[in-house]
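Tertiary structure, described
Given next are the chains, with one letter for each unit.
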Amino acid sequence: MRGQFTGWPEQAMDVLWQLQGEPTHATRERCRADRERLVRQPMIALLNDVADTDPRYEDFSVWHYRTDSWWWQHQGAVIRLGRKIEIGLRFTLDGLRIQGAWWYPDPGQVDMFRKAVASEGSGRELSAVVEAVRKKGYEISGDLMKRPPRGCPADHSRADLLRHRSLIAARPLGCEEWLHTPEAVDRVLSAAADLDALLMWLVRHVNRAA
């Protein structure tokens with residue numbers, strides 16, 4: 001049942017503002033408790049509400065801030081859907097960003113991906129899914145080879161996809177007033193629905209290591 005997440009307090013932005021650049025150890029320690037309460041805990045509440053809506057989203061982690069200043073300035077979280085297949089969220093001064101990703105593949109997963117892309121049925125399906133996601137405003141990226149893998153014709157109709165050793169679709173969700181309200185849950189669920197066909201294709205075809 002939803003209701004834990006009420007929005008990021010406006011003071012969350014003030015905390016992140018204080019952590020810009022290279023904050024000193026003293027600044028980090030001064031901000032630590034407020035950052036936990038105002039930045040990280042709302043992300044946990046958000047993902048609990050998302051998981052209550054769809055049990056597929058129950059396996060999530062919300063990162064701590066570690067020692068590098070980047071981690072203090074970017075509140076990250078992931079929802080795991082399969083092996084190396086996940087939804088990533090990031091809350092910063094720029095607002096909330098989402099991505100669907102298959103990356104850092106296990107041994108054998110790249111070969112599985114290429115076989116599925118080369119296969120006429122599953123390959124055409126992925127090509128259509130990627131194009132649909134792109135049209136919704138997502139940037140498609142990943143670790144790409146300079147040319148298609150050996151044995152693949154350079155003029156293959158899906159040569160660009162065959163070059164991928166990871167596949168990421170990402171876009172910013174914005175930094176509007178809804179971030180400070182429960183509406184952020186619905187924004188995340190809507191974006192997750194945008195990514196669903198892509199991520200489920202990946203779960204079906206590259207979810208296991210060889």
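We now turn to the structure provided with this report.

Parameters at a glance
- Residues numbered from 1 in each chain as written.
- Predicted model: local features only at pLDDT ≥ 70, side-chain atom pairs only at ≥ 80, totals over all residues.
- Heavy atoms only, no water.
- Salt bridge = Lys/Arg side-chain N within 4 Å of Asp/Glu carboxyl O.
- Helix = DSSP H or I, 4+ residues; strand = E, 2+ residues; numbered from the N terminus.
- Buried < 20%, exposed > 50% of the residue type's maximum accessible area, 1.4 Å probe, protein only.
- Pairing = 2+ DSSP bridges.
- Axes fitted to C-alpha atoms, helices over the stretch in contact; angles between N-to-C directions.
- Phe/Tyr/Trp six-rings, centres within 6.5 Å; stacked < 30°, edge-to-face > 60°.

1. As for the pattern of salt bridges
In the structure shown here, the tally under the stated rule is 17 salt bridges. For Asp-194, the salt bridge identified is with Lys-136, shortest N-O distance 3.7 Å. With Asp-194 in helix 7 (residues 183-206) and Lys-136 in the loop between helix 5 (120-135) and strand 5 (139-141), this pair connects stretches of sequence that are 58 residues apart. Since its relative accessible area comes to 17%, Asp-194 is described here as buried.

2. Considering the sheet that holds strand 6 (residues 167-174)
If you walk across this open sheet you meet the 6 strands as 1-2-3-4-6-5, and the pairing is antiparallel. With one partner strand each, in any of the chains shown, strand 1 (60-62) and strand 5 form the two edges of the open sheet. Taking the axes of each pair of neighbouring strands and ignoring which way they run, one obtains an average angle of 15° across the sheet. Judged from the 8 bridges that link them, strand 3 (residues 85-92) and strand 4 (residues 95-102) form a sheet pairing that is antiparallel. Bridging across to strand 4, Ile-87 finds its partner in Gly-100.

3. So, the packing of aromatic side chains
Per the counting criterion, the structure on display carries 7 aromatic pairs. A ring pair is formed by Phe-113 and Trp-201, whose centres lie 5.9 Å apart and whose planes are at 80°; its orientation type is edge-to-face. Separated by 88 residues along the polypeptide, Phe-113 in helix 4 (residues 109-118) and Trp-201 in helix 7 bring together distant segments of the chain. Relative accessible area serves as the criterion here: at 0%, Phe-113 is assigned to the buried category. The class of Trp-201 is buried, set by a relative accessible area of 0%. Here the aromatic residues Phe-5, Trp-8 and Phe-91 are joined through ring pairs into a cluster of three or more.

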